[in-house]
Amino acid sequence: MSKSEEKLQNNQEIQGIIEEINELRSKKNAIILAHNYQPPEIQDIADLTGDSLELSIKAKKTDADIIIFCGVSFMAETAKIVCPEKTVILPSENAGCQMADMLTAEDLRKEREAHPDAVVVTYVNSTAEVKAQSDICCTSANAVKVVNSLDADTVLMTPDKNLAKWVERNTDKKILYWPGYCPIHDKLMTRHIESVRRQHPDAVLMAHPECPMDIIEMADFVKSTSGMLTYARESDNKEFIVATEVGLLYPLKRQNPDKKFYPAFDEMICEDMKKITLVDILNALKGQCRETTIDEQVRQKALMAVENMLHIPRKG
Ligand code: 13P
Ligand code: SF4
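Residues numbered from 1 in each chain as written. Chains lettered and ligands numbered in written order. Predicted model: local features only at pLDDT ≥ 70, side-chain atom pairs only at ≥ 80, totals over all residues. Heavy atoms only, no water.

A. Looking closely at the sheet that holds strand β6 (residues 136-138). Spatially, β6-β5-β7-β8 is the arrangement adopted by the four strands of the open sheet, whose pairing is parallel. Each edge of the open sheet is held by one strand with a lone partner, namely β6 and β8 (174-177). Across this sheet, the average inter-strand angle for adjacent strands is 30°, counted without regard to direction. Summarising the sheet, strand β7 (residues 154-158) and β8 pair through four bridges and their orientation is parallel. Bridging from a neighbouring strand, V155 pairs with I175 of β8. Sheet contacts for helix α8 (residues 161-168): β5 (119-123), β6, β7 and β8; angle to β8, the most-contacted strand, approximately 175°. (Pairing = 2+ DSSP bridges. Helix = DSSP H or I, 4+ residues; strand = E, 2+ residues; numbered from the N terminus. Axes fitted to C-alpha atoms, helices over the stretch in contact; angles between N-to-C directions. Contact = heavy atoms within 4.5 Å.)

And the structure:
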């Protein structure tokens, strides 16, 4: 078979899988949610894409019976925390988050004991057990707002030290933090930015708050993944350096064909975010994947922390 015949056959197979996915999703009243870092073919077939905050809100509001969550385990868990009556499926069971794995519920219990006056604000990039030990959750989109809304002088932020340091710059409160981090964002160095800036001197630098502080200090603005998408759409700038996981380049380019986007460092790849395939989604819809489950006592405690966060925007 020639290369072009092979390509045609592959395309036909992919089309066939997508048709089966579409048939099953409507028959089973399922919704496919995908994070902004997911591979292009997954974002393309998703009902909704977004950052962690948007996806938790969308999960809470959907009328679907089944949520196929294309992201990593903490995201599917958050959906299950807010929608216990729905079937939530992460199509690749081993898609985890290295940052979430850096803090256990036992670690947090000890930290709470050591700082009894601190309010515990936990990034959603955490396990359900850790959320259950927390007062309120936050995402990269609302962390500053969440902390500033609290009636407390001292806040313990977990598990991301970089997000905590970003918040510290934007609040008068005393910020304590757990020394966790995202290895994908934390490996970005100032020399990477300097090199891209030399090649593209007119580009503005957008950075995710999981980046280290020396990168944050260089950034023109700091936002969640969806915050960057909104900024790029609305901005008059034509060139952008993107300091986050490279998956975000796909929706940025698709939504702004007249603008240019450069990765800050092309090795910022979260392997866990790339684990789900179209075949995995089809298998999930066929009922061949394990559902996300959470112990009910843990879920109820975690729900309080998540709900406290979801009420923040309404409190203004
Ligand atoms: P966002 O909530 O900004 O999409 O970030 C999620 C994440 O895992 C970043 O690494
Ligand atoms: Fe976790 Fe980092 Fe991957 Fe986001 S990019 S899911 S924080 S490991």
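So, next bit.
B. Structural context of the site of ligand 2. Every residue lining ligand 2 is accounted for by Y37, V72, C97, Q98, M99, N125, C182, I184, E210 and C270. Looking at the shell around ligand 2 residue by residue, the class counts come to seven nonpolar, two polar and one charged. (Near = heavy atom within 4 Å. Nonpolar A, V, L, I, M, F, W, Y, C, P; charged D, E, K, R; others polar.)

C. The nonpolar core, seen in detail. In terms of nonpolar packing, the biggest core is built from 96 residues, with I21, I68, V121, M157, L188, I281 and M309 touching the most fellow members. M228, L229, A232 and F261 belong to the second-largest nonpolar core, a separate cluster that totals twelve residues. (Core = buried A, V, L, I, M, F, W, Y, C linked by side-chain atoms within 4.5 Å. Buried < 20%, exposed > 50% of the residue type's maximum accessible area, 1.4 Å probe, protein only.)

D. Here's a closer look at the site of ligand 1. Around ligand 1, the neighbouring residues are H35, Y37, D51, S52, N125, S140, H185, H208, E210, S224 and T225. In this structure, S140 approaches ligand 1 through a side-chain N or O atom, which is 2.6 Å from an oxygen atom. Within the complex, the protein chains bury 96% of what would otherwise be the 310 Å² of accessible surface of ligand 1. Residues belonging to the shell around ligand 1 are distributed by class as follows: one nonpolar, eight polar and two charged. (Polar contact = N/O pair within 3.5 Å; in protein donor to acceptor, adjacent residues only side chain to side chain. Areas by Shrake-Rupley, 256 points an atom, 1.4 Å probe, with all protein chains shown as cover.)

E. Region of interest: the pairing of strand β3 (residues 66-70). Within β3, five of the five residues are buried, which leaves it mostly tucked inside the rest of the structure. Where burial is concerned, the two faces of β3 agree: the one with I66, I68 and C70 and the one with I67 and F69 are both buried. By the bridge criterion, five bridges tie strand β1 (residues 30-35) to β3 in an arrangement that is parallel. Bridge assignment links L33 to a residue of β3, and that residue is F69.

F. Region of the structure containing the packing of helix α1 (residues 3-27) against helix α14 (residues 278-285). Here α1 crosses α14 at 30°, and the two axes come no closer than 10 Å. Relative to α14, the element α1 lies roughly parallel. Seen along the crossing, α1 lies across α14 with a hand that is left-handed. On the side of α1, the interface is formed by I14, I17, I18, E20, I21, L24 and R25, while α14 contributes L278, V279, I281, L282 and L285. Of the residues that constitute the contact of α1 with α14, the class distribution is ten nonpolar, no polar and two charged. (Parallel < 35°, antiparallel > 145°, perpendicular 65-115°, else oblique. Left-handed = near helix turned anticlockwise from the far one by under 90°.)

G. Just the packing of aromatic side chains, in detail. Under the counting rule described, the total for this entry stands at three aromatic pairs. Ring geometry for F221 and Y231: centres 3.6 Å apart, planes at 40°, overall tilted. On the criterion of sequence distance, the pair formed by F221 in strand β10 (residues 221-222) and Y231 in helix α12 (residues 225-234) is long-range, its members being ten residues apart. Accessibility expressed as a relative area gives 11% for F221, which makes it buried. Taking the relative accessible area as the measure of exposure, Y231 reaches 28% and is therefore partly exposed. When the centroid spacing of 5.1 Å and the interplanar angle of 15° are considered together, the rings of F240 and F261 count as stacked. Highlighted residues: F240 in strand β11 (residues 239-243) and F261 in strand β12 (residues 260-263), separated in sequence by 21 residues. (Phe/Tyr/Trp six-rings, centres within 6.5 Å; stacked < 30°, edge-to-face > 60°.)

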